[in-house]
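Geometric and topological summary
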Amino acid sequence: MNENIVKKIKEIGLPRIIIALFLLSLYTLAPFVGVNLKVAFQDTLIRVGMNIILVLSLIPMIQGGTGLNFGMPLGVEAGLLGAVLSIELGLTGLLGFLGAILISLPISILFGYGYGSILNRVKGGEMMIATYVGFSSVAFMCIMWLVLPFKKPDMIWAYGGEGLRTTISVEGYWNKILGKIFSSSGNFSYIGEIVFFLLLAFLIKEYFKSRNGLAMKAVGANEKFARSIGVDINKARINSVIMSTMIAGIGIIVYQQSFGFIQLYLAPFYMAFPAIAAILIGGASVRKASIFNVIVGTVLFQGVITMTPIVISGLIKTDMSETVRVIISNGMIIYALTRKGGER
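Here is a short report on the structure shown in this document. These numbers come from a predicted model, not from an experiment.

**Digging into the overall build of the protein chain**
When helices and strands are tallied, the protein chain shows 15 helices and two strands. Split into buried and exposed, the 344 residues of the protein chain put 51% on the buried side. Pairs at least 24 apart in sequence give 77% of the contacts found in the protein chain among residues at least 6 apart. For the protein chain, the accessible surface area stands at approximately 16200 Å², while carbon and sulfur atoms represent 67% of it.

Structural data, given as structure tokens:
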């Protein structure tokens, strides 16, 4: 019996059990410090729905052997371009949301192809170069947001008549559109986001059953074996990068419709780190990840950074929520990134 328990703990992973118990203790303690448990659950689900597709975007690159996608900001920038072009065209409602996604896809493919080509030239140092690619893409787009010829009054700076604002509201366009499919008020936006995630997750799972998907997994598992059975290594790696970039672009559009704003300039700078921390906390490694890892990791990560600040603020009767959130979130990121190869 004891051996079975130990085996089960090893399968789940002791860190995940500890984090899950900590999260459960926060929910247990919440009513005693004046926190509405229903609202707390809802806030957690909202944050999970907003972020889970960005975490999902890491799977193709991990499975394809190109490592953790520290270059995620490149895909985020593609999604931001799709979003602002959708607003520039005046698209609203579900059409505006889908329009933003469809516009972002060819941009993501172009960005992903260039990104993948760079990573193929630096095999073994992908994650370091990916970080530079992500940071430099944000810096480059800071210039482009100022010089691109957008004209929509809702988006450009009022006093200069040109250049996009730092924050653009999607109110009146496609704010909480996924929630409005299930509720006219959009109060249940997380339901729509979770359903949308499940659809994407299903498509990804089916893709990895296809010939190209199996080739991608073979490259990630054993590059020499994949080459011996005739797999084009560089092509499979580029496909994994393109796929991750496309999903990241979709993920940021889902994030925006829930958040209510498009955030430009330096906002995408550190978006990769929480997503990577979440999937590692969920049990993924540098070469292996699953949809289960995405779900578990996102729930644990977002649950802890949602609940910890409000429970601690309730305990000490002082509003330190933002300070505590920064400490907890960065602490979890450091923990996740210092684990060797997804150790349990």
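**Observations regarding helix 3 (residues 37-56)**
Spanning 20 residues, helix 3 covers 28 Å between terminal C-alpha atoms, matching the ideal 28 Å at 1.5 Å per step. When helix 3 is considered as a whole, its buried residues turn out to be Ala 40, Thr 44, Val 48, Gly 49, Met 50, Asn 51, Ile 52, Ile 53, Leu 54, Val 55 and Leu 56. Regarding helix 3, its N-cap is Asn 36, as a side-chain oxygen of that residue lies 3.0 Å from the backbone nitrogen of Lys 38 further along.

**As for the packing of aromatic side chains**
Per the stated rule, a full pass over the model turns up 10 aromatic pairs. A ring pair is formed by Phe 269 and Tyr 270, whose centres lie 5.0 Å apart and whose planes are at 75 degrees; its orientation type is edge-to-face. Taken together, the aromatic side chains of Phe 70, Phe 135, Phe 269, Tyr 270 and Phe 273 make up a single cluster linked through ring pairs.

**Some thoughts on the nonpolar core**
The biggest cluster of nonpolar side chains holds 92 residues, and the ones touching the most others in it are Leu 164, Trp 174, Ile 262 and Ile 279. The next biggest cluster of nonpolar side chains, apart from the first, holds seven residues, and it includes Ala 218, Val 231, Ile 233 and Ala 236.

**Considerations on helix 10 (residues 211-221)**
Within the sequence span of helix 10, burial applies to Gly 213, Ala 215, Met 216, Ala 218, Val 219 and Gly 220. Considering only its buried residues, helix 10 is in contact with helix 4 (59-63), helix 9 (189-207), helix 11 (223-228) and helix 12 (233-259).

**Concerning the packing of helix 3 against helix 14 (residues 291-316)**
Packed helices, taken two at a time, are described by the angle their axes make and the gap between the axes. At a minimum axis separation of 8 Å, helix 3 and helix 14 run at an interaxial angle of 140 degrees. It follows that helix 3 is oblique to helix 14 by the angle criterion. In the packing of helix 3 onto helix 14, the handedness of the crossing is right-handed. Contact with helix 3, carried on its side by Ala 40, Asp 43, Thr 44, Arg 47, Val 48, Asn 51, Ile 52, Val 55 and Leu 56, involves Ile 291, Val 294, Ile 295, Thr 298, Val 299, Gln 302, Gly 303, Ile 305, Thr 306, Met 307 and Ile 310 of helix 14 and no other residues of that element. A per-class count over the contact of helix 3 with helix 14 returns 12 nonpolar, six polar and two charged.

**A short note on the pattern of salt bridges**
Scanning all chains against the criterion turns up four salt bridges. Of the charged contacts, one joins Lys 209 and Glu 206 as a salt bridge, the two residues approaching to 3.3 Å between their closest N and O atoms. Residue Glu 206 is classed as partly exposed on the basis of its relative accessible area of 34%. For Arg 227, the salt bridge goes to Glu 223, with nearest N and O atoms at 3.4 Å. Taken together, the residues span about one helical turn, with Arg 227 and Glu 223 both in helix 11 at a distance of four residues. Residue classification places Arg 227 among the partly exposed residues on the basis of a relative accessible area of 47%. What emerges from the salt-bridge pattern is a single network uniting Lys 123, Glu 223 and Arg 227.

**Here we look at unusual backbone geometry**
Even without being a glycine, Lys 176 presents a positive backbone phi close to 50 degrees. Counting through the fold element by element, Lys 176 comes out in the loop between strand 1 (167-169) and helix 8 (177-180). Classification of Lys 176 by relative accessible area gives partly exposed; the value is 26%. The backbone phi angle of Tyr 265 is positive, close to 60 degrees, even though this residue is not glycine. Along the polypeptide, Tyr 265 turns up in the loop between strand 2 (261-263) and helix 13 (272-281). Since its relative accessible area comes to 12%, Tyr 265 is described here as buried.

**Topic: the environment of Leu 45**
By the secondary structure assignment, Leu 45 is in helix 3. The class of Leu 45 is partly exposed, set by a relative accessible area of 34%. Leu 45 has contacts with Tyr 190 and Ile 194, leaving out every residue within four places of it along the chain.

**Description of the side chain of Thr 66**
Residue position: Thr 66 is located in the loop between helix 4 and helix 5 (72-88). On the basis of relative accessible area, Thr 66 is assigned to the buried category, the value being 1%. Reaching out from Thr 66, the side chain makes a polar contact with the side chain of Ser 240 at a distance of 3.4 Å. Ignoring sequence-local partners within four residues, the contact set of Thr 66 consists of Met 61, Leu 119, Glu 126, Arg 237, Ser 240 and Val 241.

Rules behind the numbers
- Residues numbered from 1 in each chain as written.
- Predicted model: local features only at pLDDT ≥ 70, side-chain atom pairs only at ≥ 80, totals over all residues.
- Heavy atoms only, no water.
- Helix = DSSP H or I, 4+ residues; strand = E, 2+ residues; numbered from the N terminus.
- Buried < 20%, exposed > 50% of the residue type's maximum accessible area, 1.4 Å probe, protein only.
- Contact = heavy atoms within 4.5 Å.
- Areas by Shrake-Rupley, 256 points an atom, 1.4 Å probe, with all protein chains shown as cover.
- Expected span 1.5 Å × (residues − 1).
- Polar contact = N/O pair within 3.5 Å; in protein donor to acceptor, adjacent residues only side chain to side chain.
- Phe/Tyr/Trp six-rings, centres within 6.5 Å; stacked < 30°, edge-to-face > 60°.
- Core = buried A, V, L, I, M, F, W, Y, C linked by side-chain atoms within 4.5 Å.
- Axes fitted to C-alpha atoms, helices over the stretch in contact; angles between N-to-C directions.
- Parallel < 35°, antiparallel > 145°, perpendicular 65-115°, else oblique.
- Left-handed = near helix turned anticlockwise from the far one by under 90°.
- Nonpolar A, V, L, I, M, F, W, Y, C, P; charged D, E, K, R; others polar.
- Salt bridge = Lys/Arg side-chain N within 4 Å of Asp/Glu carboxyl O.

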